[in-house]
Each structure stands twice: as C-alpha cells, then as structure tokens.
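Per-entry structural report
One letter stands for each residue in the lines below.
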Amino acid sequence: MPAAPLRLGLAGLGTVGIGVVKIVQREAALIAARAGRPVVVTAVSARDPKKNRDADLSGYAWETDPVALATRPDVDVFVEVMGGHDGPAKAATEAAIAAGKDVVTANKALLAHHGQALALAAEAAGRTIRFEAAVAGGIPVIKALTEGLAGNRIKRVMGVMNGTCNYILTRMQSAGLPYETVFEEARQLGYLEADPNLDVGGIDAGHKLSLLSAIAFGTRVSFDAVELEGIGAVSIDDIRLAEQMGYRIKLLGVAQMTGRGLEQRMTPCLVPAASPLGQLQGGTNMVVLEGDSVGQIVLRGPGAGQGPTASAVMADVIDLARGCRVPAFGLPAAALAEPVPARSATPAPYYLRMRLLDKPGALAKIATCMGDAGISIDQMRQINQPGEADDDAIVLIVTHKASPADIAHAMAQFDRTGVLVGRPVAIRIEEI
Ligand code: NAP
Ligand code: HSE
C-alpha cells in the first residue's frame with residue numbers, strides 16, 4: 001500500500017509561501033522519492049483571497065483564519081510563513097501544537113520572543129517545531145548545528161546574518177556612496193522589511209543570533225540579552241578609512257560562552273578585507289561555527305529570497321515526512337539552561353575615529369586619556385582632507401587589544417579634554 005501523504009497547511013502566501021507551493025508542485029515526484037511518501041498542500045491562508053499570487057492554488061482549501069487552518073483535521077504539518085512575533089502567527093502556531101500538529105516556520109521574530117514556550121508546548125504534545133528558514137535563509141545552519149556538529153562543544157558562533165545590511169555596507173564601500181543614499185536604494189529595490197529598523201537596527205540579525213546561541217550553547221533563547229547596534233551610524237568616512245587599513249565594516253554577530261556567562265552581540269565590526277567575511281558581498285550571508293573537535297567551518301549562501309527560503313522550509317518538511325525528529329534547539333526544551341547574560345568583555349583591537357581641534361597638545365591629551373584607561377596605541381594618524389577647514393582634523397587610532405569597558409572609559413574621558421569636535425566613533429576589530 002502506498003505511504004500516506006504528509007499534508008501541509010500553509011499560512012502565508014507571500015514571497016516564502018508561494019516559493020513553498022512552487023517546490024511542492026514542481027518537485028512532487030522527487031520529494032516523494034526522497035521522503036518515502038508524497039508531500040501535499042491541502043489548505044492555505046492569507047489575508048486577501050483575491051490577490052494574484054503567481055501560482056495555481058485552485059486545488060487547495062482556503063481558510064481566512066490561520067488558526068482555523070492550523071487545526072484542520074486534514075493538516076499534519078502547519079507551515080507558518082506569515083511573519084510577526086505576536087498576533088496571528090503566534091496564535092496559529094500555538095493552536096497547531098495544541099491540535100497535535102508539527103510546525104515548520106521561517107519566523108525568527110516569533111521564535112526569538114517565544115521559542116522556549118513554543119518548544120516546551122510542542123514537546124509536551126509530542127510534536128516538533130522546526131525553523132531552518134528562520135536563520136540565514138537558504139543556508140542549512142540549523143541542521144549543521146543540531147545534527148552535523150552534535151558531537152562538538154561549540155566555542156563560538158559568528159556571522160553576517162542580515163543580507164540587507166550587508167548590501168548597504170558593501171554598496172557604500174564599492175560605490176563610495178553615503179548611508180542615506182544606499183538606504184534609499186535598498187528601499188526602492190524592495191530589500192527592506194516593512195519596518196526597516198528590523199534590518200538596519202540589527203534586530204532581525206539579533207533574532208537569528210539568539211536562535212543559533214540557544215542551539216550552540218544549550219541555553220534558552222535570550223534575545224533580550226543580545227547587545228544590539230545597527231548600521232545607521234556607520235559613515236562613508238569609516239568605510240573608506242577602514243578600507244585603507246585593510247578592513248571592511250560588517251554587521252557581525254558573535255556569540256560565545258565565557259567564564260562570566262553568555263556573550264551575544266550584533267554590532268558593526270571591522271574584519272580583515274581579505275578574510276571570507278571581509279569578502280562577503282551584497283545580500284549574501286555567512287555563518288562561521290567553531291567546534292572543539294571540528295575546528296572552524298564556514299557556511300555561505302543566500303540569506304533571503306523566495307527560492308532559498310522555500311528550500312529551507314522544504315528541508316524541514318521533508319525531514320518530518322521521513323520521520324526525523326530533532327528537538328527544536330538540539331536538547332529537550334526543559335533541559336535548556338537559563339543563560340547568564342554577560343556584557344561583551346573579550347578584549348579586541350579597536351578602530352577609533354574622531355575630529356580634534358588642530359592645535360598643539362590636542363593629540364597628546366587624547367593619548368593621555370588612552371594611557372590612563374590602560375589602552376595601548378598600535379597606530380595613530382592625522383588625516384587632513386582636502387577642502388576641509390584647517391582648524392580641526394580627523395584623527396584615526398588603532399589600539400592594541402583593549403576591553404570594551406576600557407574603550408568606553410577612554411571615550412568618556414575624551415569628552416573632558418576640550419579638544420574634541422563632535423562625537424568620536426569606536427568600532428571593534430574582530431579577530432576571525
Ligand atoms: P510576505 O511576502 O509579506 O508574505 C506574508 C504573507 O502572510 C502574505 O501572504 C500575507 O497575506 C500573509 N499574512 C499576513 N498576515 C496574515 C494574517 N493575519 N492572516 C493570514 N495571512 C496573513 O512575507 P515573506 O517575505 O514571505 O516572509 C514570511 C516569513 O518568512 C516571515 O516570518 C519572514 O521573516 C520570514 N523570512 C522571509 C525571508 C524572505 O526572504 N522573504 C527570508 C527568511 C525568513 P496577503 O498576501 O494576503 O497580504
Ligand atoms: N531582512 C532579512 C535580510 C530577510 O535582509 O536578511 C531574511 O531574513
């Protein structure tokens with residue numbers, strides 16, 4: 001007797017949802033062969049039933065309410081690709097679990113805020129929640145961490161996880177354009193989320209990092225503890241000066257377990273221009289995983305878009321069709337530890353840029369602040385830009401390794417010197 005099909009209820013028929021429909025329809029035979037049973041969509045939901053959606057949906061039942069879709073008896077797996085960390089996405093996911101369905105979602109915001117509660121509920125109901133598409137789009141990083149590296153103690157997780165920010169930063173660098181101009185370009189190209197601050201404020205990437213941290217370190221998802229800084233303050237001057245010194249600026253996520261607790265940060269950093277992260281162009285994502293046995297592995301690929309994201313959703317669906325069940329965060333949810341959040345204290349070299357009054361002793365005052373903070377200077381130079389007023393000058397300093405607290409202390413002291421013009425900039429140089 002042929003195996004029973006796995007029946008999907010698909011909530012969301014936007015970029016990702018339609019991508020899923022296309023793969024299910026186009027690759028039906030391949031998927032059935034790989035999964036050992038057919039995978040079919042039985043019912044769908046979206047807001048507007050009249051919208052033209054570039055796919056044949058005529059064979060599917062339509063539900064106006066995603067909660068009704070999630071609880072239908074002819075649905076085995078609820079696929080949530082609507083988005084939003086509360087509202088219908090949360091209500092329908094909870095309803096699906098309560099009705100005994102497995103869940104596949106691409107929704108990093110939902111999991112960053114409610115991942116622990118949803119994983120507990122799913123396990124209590126004997127079901128599974130999967131989210132490959134939620135982090136780094138088409139890159140199979142969740143599978144790599146939960147399965148491929150299950151025999152390792154993970155030492156560090158690092159990466160560029162927001163394609164829009166990487167597009168903006170690389171376009172600023174290659175075209176020499178200011179942030180505001182490239183931000184507008186990104187908006188016109190449709191790269192930005194409906195709320196652009198999710199992208200440029202580092203929130204979307206912070207959501208993703210918090211999910212990877214939970215798996216890597218066996219801790220509950222703790223998005224609120226991620227140190228977040230977006231790219232809005234990165235200037236074309238910093239990008240140019242970094243390039244001259246052999247660095248590129250990236251919105252970089254780093255998570256590591258230290259003796260003081262779990263450090264998670266998503267901030268602009270300088271990385272060597274010649275490194276794999278420095279070479280990353282446009283909307284591409286890259287995740288670097290470091291395990292005690294495997295060493296360092298690098299995963300690179302499309303972080304967004306219809307095909308890549310639907311590819312990741314389908315990987316989860318096919319796993320469920322095959323009967324592969326892995327706890328959402330790699331451990332039973334009840335066994336995940338409450339993390340002790342630690343502010344980033346790992347020393348690193350820093351890039352400092354400031355504008356100083358161009359008068360005798362100005363630089364000495366800054367150097368004294370740094371010496372008093374215990375910071376050693378590696379390089380220092382004054383840059384007089386053609387056409388700029390000659391009563392002040394840009395000064396660039398690269399430090400030897402210093403703690404973030406010492407850098408913050410020195411920056412506070414700069415304010416008292418009376419030689420500073422405007423705000424200084426400090427960007428960490430990440431060793432990779
Ligand atoms: P999208 O294009 O905006 O599509 C969202 C879909 O959800 C639309 O079909 C919309 O209906 C439907 N929807 C929204 N609210 C609803 C409600 N209350 N009831 C029923 N349907 C509702 O979004 P997307 O880009 O596909 O993203 C979906 C999810 O995947 C999000 O969580 C996103 O973060 C995640 N994700 C996206 C990408 C990507 O490249 N796009 C990559 C990784 C992860 P209408 O069409 O009728 O408006
Ligand atoms: N806004 C996200 C990005 C989409 O730019 O990477 C994929 O999560």
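Here, every reference points to the structure presented above.
First, a word on scope: everything that follows refers to the structure included in this document. Every value quoted in this text rests on a predicted model; they were computed, and no experiment measured them. (Residues numbered from 1 in each chain as written. Chains lettered and ligands numbered in written order. Predicted model: local features only at pLDDT ≥ 70, side-chain atom pairs only at ≥ 80, totals over all residues. Heavy atoms only, no water.)

**Quick look at the sheet that holds strand β1 (residues 6–11)**
As a general point, the strands of a sheet are linked pairwise by backbone hydrogen bonds and lie either parallel or antiparallel. What the six strands build is an open sheet, ordered β3-β2-β1-β4-β5-β6; its pairing is parallel. Each edge of the open sheet is held by one strand with a lone partner, namely β3 (61–63) and β6 (129–130). (Pairing = 2+ DSSP bridges. Helix = DSSP H or I, 4+ residues; strand = E, 2+ residues; numbered from the N terminus.)

**Quick look at the pairing of strand β11 (residues 284–291)**
In terms of residue burial, β11 counts as a mostly covered element, since eight of its eight residues are buried. Neither face of β11 is open: one carries Thr284, Met286, Val288 and Glu290, the other Asn285, Val287, Leu289 and Gly291, and all of them are buried. Two elements, strand β7 (residues 154–160) and β11, share six bridges in a ladder whose sense is antiparallel. The partner of Arg156 across the bridge, within β11, is Glu290. Two strands pair when backbone bridges link them, and β11 and strand β12 (residues 295–302) are joined in this way by eight bridges, in the antiparallel orientation. If you follow Gly291 over to β12, its bridge partner there is Gly295. Hairpin remark: β11 followed by β12, antiparallel, with three residues in the connecting loop. (Buried < 20%, exposed > 50% of the residue type's maximum accessible area, 1.4 Å probe, protein only.)

**As for the nonpolar core**
Ranked by size, the top nonpolar core spans 79 residues in total, and within it Phe131, Val141, Ile168, Leu212, Ile231, Leu289 and Phe329 carry the most contacts. Ranked by the residues each element gives to this core, the list is headed by helix α10 (residues 203–217), at eight residues. The next biggest cluster of nonpolar side chains, apart from the first, holds 32 residues, and it includes Leu6, Leu8, Ala35 and Ile318. (Core = buried A, V, L, I, M, F, W, Y, C linked by side-chain atoms within 4.5 Å.)

**Observations concerning the site of ligand 2**
In the neighbourhood of ligand 2, the contacting residues comprise Lys108, Asn162, Gly163, Thr164, Glu193, Asp199, Asp204, Lys208, Gly303 and Ala304. Asp199 has a polar side-chain atom sitting 2.7 Å from a nitrogen atom of ligand 2. Note that an oxygen atom of ligand 2 is positioned 2.8 Å from one of the side-chain N or O atoms of Lys208. When ligand 2 sits alone it has 260 Å² of accessible area, and the protein chains cover 87% of it. Broken down by secondary-structure element, the contributors of at least two residues to the shell around ligand 2 are α7 (163–175) and α10. (Near = heavy atom within 4 Å. Polar contact = N/O pair within 3.5 Å; in protein donor to acceptor, adjacent residues only side chain to side chain. Areas by Shrake-Rupley, 256 points an atom, 1.4 Å probe, with all protein chains shown as cover.)

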